[in-house]
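Below, each chain spelled out in residue letters.
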Amino acid sequence: MFVKRFFEPSIAQTSYLIGCAKTGESIVVDANRDVDQYLEAAAREGLRVTHVTETHIHADYLSGSRELAQKTGALLLLSDEGDREWKYQFAQQSGRVQLLHDGDRIGVGNVRVDVLHTPGHTPEHLTFLITDGAAADKPIAAVTGDFVFVGDVGRPDLLERAAHYAGTMESSARTLWRSLQKFAKLDDWLQIWPGHGAGSACGKGISAIPSSALGYERRFNWAFGIDDEDEFVRRVLEGQPEPPKYFASMKRINKEGPAILGGFHAPPRQADEALSALVESGALIIETRPAAAYAGGHLPGTLNIPFNASFVTWAGWLIPTTADVYFIASGDTPDQPKEVVRSLALIGVDSVRGYFDRWAIERARIDGHPLTMIHQITPDELSERLKSSEIVVLDVRGEAEWTAGHLEHATHMPLGYLPDRVNELPRHKTLVTQCQSGARSSIAASLLERHGFPRVLNLAGGLVASRSAGLPMSKRPACAASP
């Protein structure tokens, strides 16, 4: 049996290619939209992709299963578990499809794949038990998707908090409890091959370790150490991070069937004269330069989302999947435009219309187009200015961070929700954006500027620097911004 793990760091997502060396058949589990990586890996090992499947309808990225099956002629295997709301709507219109149920068995050459229905994270969720039939008669591993992670379990609140199915959090948590009790009875040696690693919003404490064993998880994973169902429900729902806004559209698109991409292609490079016209028209132009470079001089109205490890997360929060997007490259490597397109396509932002090279900003300045800056304010300067009533400190961190401690009199508005709530903020005051260290608040400052706020400052060093400087902290809720 051949196994290759694929890890996509931008979304902390894992997929698997599992093949039989004797027959050349293979199965891909939880493919993302970069389908060529699976084909290239299979070809290197002399394998054909004959089966494609996924553990559930994903919320955090667009699935590549449909495209991979269409490209290879593979049998597409999809869950038929769960209620009617969670059936794949494209299944009957997609070539060779087999619907899966609890207890089904799939043969991939000498590799045996047994299907377990493990609901809780989602109603239709499946886990796949993998047996190397050439060497053993019992499973060596479980591909657990978003059911069991290393050190954590899949969150059961997304149906309610992301897909907006009211009243489902507690019942899903109880379903997850029952799935765990059943799963815990399997053999200690069973390897756990999860669908996500540290950094994913599909859990709150996922380990960076890529795999584990059931015996280890039973001993050290908090979810297996709780004997009381009510206590489990309380713990699993407590402290979950805000689900990114794009999760709702990912669920819908993955259920209906993602568009076939046919590969990633760099968008056309735009002529310099188009940049100022696009700025004037209010087009969505993403500045991918680092925050410090952007703050030092940029065209007004552009949105700064640095092309770093957090790019996909904040792009998913702040860019509508239907938007026409332009971007300004941050580097001079020829591959970056294609890399940006690939990153956005992973979360369904497919309408990238063009890009400008990194020098376009300087050429615009030379040609007479005024640049603007995002000025930084130090904690000491903020302390002095807070003595007047003309300053509003806007804390853009998550709910759990806010609850743990925040600046006195700050207003809380998480960055991901800021586009929908900008009208709650006063335009006649100076807004000071603040996060933990300064990265998210820089994005927030650019967003506020794009929405026409005339006086925006960024708190240098964020809460970390403010605490060191002795600014007063509070754990009590602060008042909302006054108009």
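Quick caveat, the model's predicted, so the values are computed rather than measured. (Residues numbered from 1 in each chain as written. Predicted model: local features only at pLDDT ≥ 70, side-chain atom pairs only at ≥ 80, totals over all residues. Heavy atoms only, no water.)

Enquirer: If you had to explain the sheet that holds strand β9 (residues 126–132) to someone new, which residues and values would you point to?
Expert: Taking strand neighbours across the sheet as the criterion, the six strands line up as β7-β8-β9-β10-β11-β12 in an open arrangement whose pairing is mixed. On the outer flanks of this sheet lie β7 (105–108) and β12 (212–213), each paired with one strand and no other. In the sheet, β7 pairs with strand β8 (residues 111–117) via four bridges, with the strands oriented antiparallel. Residue pairing for β8: Arg105 is matched across the bridge by Asp114. (Pairing = 2+ DSSP bridges. Helix = DSSP H or I, 4+ residues; strand = E, 2+ residues; numbered from the N terminus.)

Enquirer: Break down the confidence of the model for the chain for me, citing the residues and quoting the values.
Expert: Per-residue confidence for the chain averages 93 on the pLDDT scale, and 97% of its residues sit at or above 70. Per-residue pLDDT stays below 50 along residues 479–483; that stretch engages in 11 contacts with residues further than four places along the chain or on separate chains. (pLDDT = per-residue confidence, 0-100. Contact = heavy atoms within 4.5 Å.)

Enquirer: Explain the nonpolar core residue by residue, including any values.
Expert: In this structure, Ile286, Ile319, Leu418 and Leu448 are the most contacted members of the largest nonpolar core, which totals 52 residues. Looking at which element gives the most residues to this core, the answer is helix α10 (residues 311–318), with six residues. (Core = buried A, V, L, I, M, F, W, Y, C linked by side-chain atoms within 4.5 Å. Buried < 20%, exposed > 50% of the residue type's maximum accessible area, 1.4 Å probe, protein only.)

Enquirer: Any details on the sheet that holds strand β1 (residues 2–8)? Residues and values, ideally.
Expert: Pairing within the open sheet is mixed, and its six strands lie in the order β1-β2-β3-β4-β5-β6. The open sheet has two edge strands with one neighbour each: β1 and β6 (97–100). Put simply, the sheet's adjacent strands are angled 20° from each other on average, direction ignored. Across three bridges, the pairing between strand β4 (residues 48–53) and strand β5 (residues 75–79) is parallel. (Axes fitted to C-alpha atoms, helices over the stretch in contact; angles between N-to-C directions.)

Enquirer: How would you summarise the packing of aromatic side chains if you had to cite specific residues and measurements?
Expert: Inspection of every chain in the model, using the stated rule, returns 13 aromatic pairs. Where Trp177 meets Phe232, the ring centres are 5.5 Å apart and the plane angle is 50°; that geometry is what we call tilted. Here Trp177 is found in helix α4 (residues 169–183), whereas its partner Phe232 is found in helix α6 (residues 229–237), with 55 residues between them in sequence. As far as the burial class goes, Trp177 and Phe232 line up, both buried. Seen from their ring centres, Trp317 and Tyr417 are 5.0 Å apart, and the 80° between their planes marks the pair as edge-to-face. Here Trp317, found in helix α10, pairs with Tyr417, found in the loop between β20 (411–412) and α15 (418–421); they are 100 residues apart in sequence, far enough to count as distant. By relative accessible area, Trp317 is classed as buried at 7%. (Phe/Tyr/Trp six-rings, centres within 6.5 Å; stacked < 30°, edge-to-face > 60°.)

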